[in-house]
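Residue-level structural notes
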Amino acid sequence: TLPPPPDPGIATAGIGPHALDHTPPPVEGATEGTANLAAVSWTADMVFYECLMTAKNTTHYNLLTSLMKEVSHKIVENGGIVRSIQNHGIRQLPHRFKSKYADREGNRYYEKGRFISVFYDSNPVTAKQVETILNLNEEILRNTHLRASNRFNEVNDLLESRNPYIQDILSEIEEATDAVGNPTK
């Protein structure tokens, strides 16, 4: 016989019915086709992103902090991981950047900007949501999302022709086979 289901008020407080299995939560009001789309976005692979943004050099520290918290919460809420947030400081811009709106002093063009990088793992849907948050913020002059490359991308690559680690093992196996097959060496 099966054990009785756990008491919903004790061990699973705050955990939905789909927390223990690997099926996506049901989508209310979704038809069969749209429910499948929700399942695809829920199980999408994580991608390592680098987001480089240029903020106005006159932006107050508290506004940037709250923006970084908003972006971080969006990433974490959607199952991602924020690896690092780096403030590169105020630097000279390569050319004048034009902001969406003039600030209180009437400045619309900036020759200096604060550069900030955010490194995170998330699915592509979350990356688009983060990009939308940054585009709607008037303190951000420019932002760029890149798929950051790291050494683990090569390790996880299953194609033998693009993975240097598999190439090394295959060449060692080939050398060992040649040495066993040809005793004069």
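Treat the numbers as computed from the prediction; the structure is a model and nothing was measured.

Another aspect to go through is the overall build of the protein chain. Scanning the protein chain from terminus to terminus reveals five helices and four strands. Counting across all 185 residues of the protein chain, residues that qualify as buried make up 25%. With an accessible surface of roughly 13,500 Å², the protein chain has 56% of that area assigned to carbon and sulfur atoms.

The next point concerns the pairing of strand β3 (residues 109-122). With respect to burial, β3 is a largely interior element, eleven of its 14 residues being buried. As judged from the ten bridges shared by strand β1 (residues 47-56) and β3, these two strands associate in the antiparallel manner. Within β3, the position partnered with Lys 56 by the bridge is Gly 113. Bridging between strand β2 (residues 81-98) and β3 involves twelve bridges; their strand directions are antiparallel. The residue of β3 that forms the bridge with Gly 89 is Phe 115.

Let us look at the sheet that holds β2. Sheet strands associate in pairs through backbone hydrogen bonding, adopting either a parallel or an antiparallel arrangement. Reading across from one edge, β2-β3-β1-β4 is the order of the four strands in this open sheet, with antiparallel pairing throughout. Pairing within the sheet leaves two strands with one partner each, and these edge strands are β2 and β4 (140-147). Taking the axes of each pair of neighbouring strands and ignoring which way they run, one obtains an average angle of 20 degrees across the sheet. The strands touched by helix α3 (residues 124-136) are β1, β3 and β4; relative to β4, the strand with the most contacts, the crossing angle is about 165 degrees.

As for its placement among the helices and strands, Val 47 is situated in strand β1. Take Val 47: its relative accessible area is 12%, and that puts it in the buried class. Apart from the residues within four sequence positions on either side, Val 47 is in contact with Tyr 120, Asp 121, Ser 122 and Arg 147.

All right, on to a negative patch on the surface then. Taken together, the side chains of Asp 168, Glu 172, Glu 174, Glu 175 and Asp 178 define an acidic patch exposed on the protein surface. In this structure, Asp 178 sits in helix α5 (residues 164-181).

When the charged atoms of two side chains with opposite charge come close together, those side chains can pair. All told, the structure shown has one salt bridge when counted by the stated rule. Where Asp 121 meets Arg 83, a salt bridge forms, and the shortest distance between an N and an O atom there is 2.7 Å. Here the residue Asp 121 occupies a position in strand β3, and Arg 83 occupies one in strand β2, the gap between them amounting to 38 residues. Residue Asp 121 is classed as buried on the basis of its relative accessible area, which comes to 11%.

This next bit is on the nonpolar core. In this structure, Met 53, Leu 67, Val 71, Tyr 120 and Leu 134 are the most contacted members of the largest nonpolar core, which totals 18 residues. Breaking this core down by element, the ones donating at least two residues are β1, α2 (61-77), β3 and α3. Excluding residues within four positions of it along the chain, Leu 134 makes contact with Cys 51, Met 53, Leu 67, Val 71, Lys 100, Ile 140, Asn 143 and His 145. Leu 93, Phe 97, Phe 115 and Leu 141 belong to the second-largest nonpolar core, a separate cluster that totals five residues.

Here we come to the side chain of Glu 139. You can see Glu 139 is positioned in the loop between α3 and β4. Here Glu 139 is buried and forms no salt bridge, its nearest opposite-charge partner Lys 56 lying at an N-O distance of 4.4 Å. Looking at Glu 139, its side chain comes within polar contact range of the side chain of Thr 59, at 2.7 Å.

To continue, consider the confidence of the model for the protein chain. On average, residues of the protein chain carry a pLDDT of 76, and 66% of them reach 70 or more. Note on residues 7-25: pLDDT under 50 across the span, and eleven contacts to partners over four residues away in sequence or across chains.

About the thresholds
Residues numbered from 1 in each chain as written. Predicted model: local features only at pLDDT ≥ 70, side-chain atom pairs only at ≥ 80, totals over all residues. Heavy atoms only, no water. Helix = DSSP H or I, 4+ residues; strand = E, 2+ residues; numbered from the N terminus. Buried < 20%, exposed > 50% of the residue type's maximum accessible area, 1.4 Å probe, protein only. Areas by Shrake-Rupley, 256 points an atom, 1.4 Å probe, with all protein chains shown as cover. Pairing = 2+ DSSP bridges. Axes fitted to C-alpha atoms, helices over the stretch in contact; angles between N-to-C directions. Contact = heavy atoms within 4.5 Å. Patch = residues over 30% accessible without salt bridge, like charges linked within 9 Å, V, L, I, M, F, W, Y side chains within 5 Å. Salt bridge = Lys/Arg side-chain N within 4 Å of Asp/Glu carboxyl O. Lys, Arg positive; Asp, Glu negative; His and termini not counted. Charge placed at Lys NZ, Arg CZ, Asp CG, Glu CD. Core = buried A, V, L, I, M, F, W, Y, C linked by side-chain atoms within 4.5 Å. Polar contact = N/O pair within 3.5 Å; in protein donor to acceptor, adjacent residues only side chain to side chain. pLDDT = per-residue confidence, 0-100.

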